[in-house]
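Here is how the chains run, residue by residue.
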Amino acid sequence: MLSILIPTYNYVCVKLVTDLQQQAERLECPYEILVADDASEEAFKRENRKINGIPGCKYIELQENVGRSRIRNILGHLARYDYLIFMDCDASVVGSDFLSRYMAVRNAAEVVYGGLVHPEQLPSPEVSLAYLYEKNAEPHFTAEKRALHPYKVFRTFNFMILRETFLKHPFDETITHYGHEDTLFGLALKKEGIKILHIDNPLMNCGLDTNLNVLRKTEESLRTLYVHRKKLEGASEMLRLYGILQRLHLVSFVFLLFRLCEPMLRRNLYGRHPNLYFFAFYKIGYYCNFAKGGK
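Throughout what follows, the structure given in this document is the object of discussion. (Residues numbered from 1 in each chain as written. Predicted model: local features only at pLDDT ≥ 70, side-chain atom pairs only at ≥ 80, totals over all residues. Heavy atoms only, no water.)

**As for the pattern of salt bridges**
Here the structure, examined in full by the defined rule, presents 21 salt bridges. With its nearest N and O atoms 3.0 Å apart, the salt bridge here joins D172 to K231. Taken together, the residues span a long stretch of sequence, with D172 in the loop between helix 7 (163–168) and helix 8 (181–191) and K231 in helix 10 (residues 229–232) at a distance of 59 residues. Via salt bridges that share partners, E42, K45, R49 and E61 belong to a single interconnected network. (Salt bridge = Lys/Arg side-chain N within 4 Å of Asp/Glu carboxyl O. Helix = DSSP H or I, 4+ residues; strand = E, 2+ residues; numbered from the N terminus.)

**A closer look at the nonpolar core**
With 54 residues, the main nonpolar core has I6, L20, M87 and F159 as its most contacted residues. Apart from residues lying up to four places away in sequence, I6 is in contact with L16, V17, L20, I33, L34, V35, A36, L75, M87, D88 and C89. (Core = buried A, V, L, I, M, F, W, Y, C linked by side-chain atoms within 4.5 Å. Buried < 20%, exposed > 50% of the residue type's maximum accessible area, 1.4 Å probe, protein only. Contact = heavy atoms within 4.5 Å.)

**Focus: the pairing of strand 2 (residues 31–37)**
Within strand 2, seven of the seven residues are buried, leaving the element largely enclosed by the surrounding structure. Neither face of strand 2 is left uncovered, since the one carrying Y31, I33, V35 and D37 and the one carrying E32, L34 and A36 both have all their residues buried. Where strand 1 (residues 2–8) lies against strand 2, seven bridges are found, and the strand directions are parallel. Its bridge partner lying in strand 2, L2 is registered against Y31. Relative to strand 3 (residues 57–61), strand 2 is paired through five bridges, and the arrangement is parallel. Paired with I33 across the two strands is C57, which belongs to strand 3. (Pairing = 2+ DSSP bridges.)

**Digging into empty space enclosed by the protein**
In this structure the tally under the stated criterion is one cavity of 30 Å³ or more. By volume, the largest cavity amounts to about 100 Å³. Looking at the lining of the largest cavity, its residues break down into four nonpolar, two polar and four charged. (1 Å grid on protein atoms, 1.4 Å probe; cavity = no way out; pocket = protein on both sides within 12 Å on 5 of 7 lines; lining within 4 Å. Points joined across faces, edges and corners; volume = space filled by probe spheres on them. Nonpolar A, V, L, I, M, F, W, Y, C, P; charged D, E, K, R; others polar.)

**Side note on unusual backbone geometry**
At N10, a residue that is not glycine, the phi angle is positive and equals roughly 50 degrees. Its location among the elements puts N10 in the loop between strand 1 and helix 1 (14–27). Positive phi values are uncommon outside glycine, yet E28 reaches one of about 55 degrees. Along the chain, E28 turns up in the loop between helix 1 and strand 2.

**Things to note about helix 1**
If you check helix 1, its first and last C-alpha atoms are 20 Å apart, about what 14 residues at 1.5 Å a residue would give, namely 20 Å. For helix 1, the full list of buried residues reads V14, L16, V17, D19, L20, Q21, Q23 and A24. Positive phi shows up at E28, right after helix 1, with a value of about 55 degrees. (Expected span 1.5 Å × (residues − 1).)

**Some remarks on the environment of L122**
Assignment of secondary structure puts L122 in the loop between strand 7 (116–117) and helix 5 (128–137). Here L122 falls in the partly exposed class, since its relative accessible area comes to 40%. Here the alpha-carbon distance between L122 and V93, two residues 29 residues apart in the chain, equals 19 Å.

**Some words on the sheet that holds strand 2**
Read from one edge to the other, the open sheet built from seven strands follows the order 3-2-1-4-8-6-9, with strand pairing classed as mixed. A strand with exactly one partner marks an edge of an open sheet, and here the two such strands are strand 3 and strand 9 (196–198). On average, each strand axis in the sheet is tilted by 20 degrees relative to the strand beside it, whichever way the strands run. The sheet contacts of helix 1 involve strand 1, strand 2, strand 3 and strand 4 (83–87), and relative to strand 2 the element is tilted by about 160 degrees. (Axes fitted to C-alpha atoms, helices over the stretch in contact; angles between N-to-C directions.)

Purely spatial values, then, with no claim about function.
Have a look at this one:
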């Protein structure tokens, strides 16, 4: 009845799988937990192989890195049961009724999104940018508020979907770099008129990136956005803002200001007290820079 699917890359998720397996046993229905490794380093694979010793669980090692979209499609095809729950490997179970809450609404919609939360305290100064950004956004992403824009706020971190629906509408595998596979997936669901039910059934995001990695992934995501901008038109606030700058003939101004301020912005965003306004400007500045042929 239930397939729990977890793609992983350079992350040990044995604790997550153990917690989920204990909850799945209490459901008294057929289940499986499949973890697919996207060619991690050997040290992570060595630890994650312990998953094969947990009843009902399987650890699958891919020989080459295939990316965030394709690995989820692989898991969907390998799954045996009717309901699929996808989650990220750096998640942590918050409630003892996480699986039962999903199963209680399994007939309410083809797709159910449970949301995510973050630790109450800053785990480390090195992750201050990700923590500040996510905690600032968290109050705006309750189930009630997500339901106002059900497709726009969809994320792949924690959701349930009918297997039949997923096989008909897989992730877009043209997205081979970081970013926006969830946006395109939400757009595809909207286009087909497939309902997304938003509920408060969060997992905790325990894998916050360092400030350095946040900027690296942000830049990669913005490059992905530019490459796939036609597909993502109407679904991205960054593209909307860039369009406004184009109409006002301000792209070159923002580009030049970004190039001038970039060293100062990086110093702040790498530091222990990053400024979210600086982060917002960094993103639009970097996009303008890349769109004009920069790095």
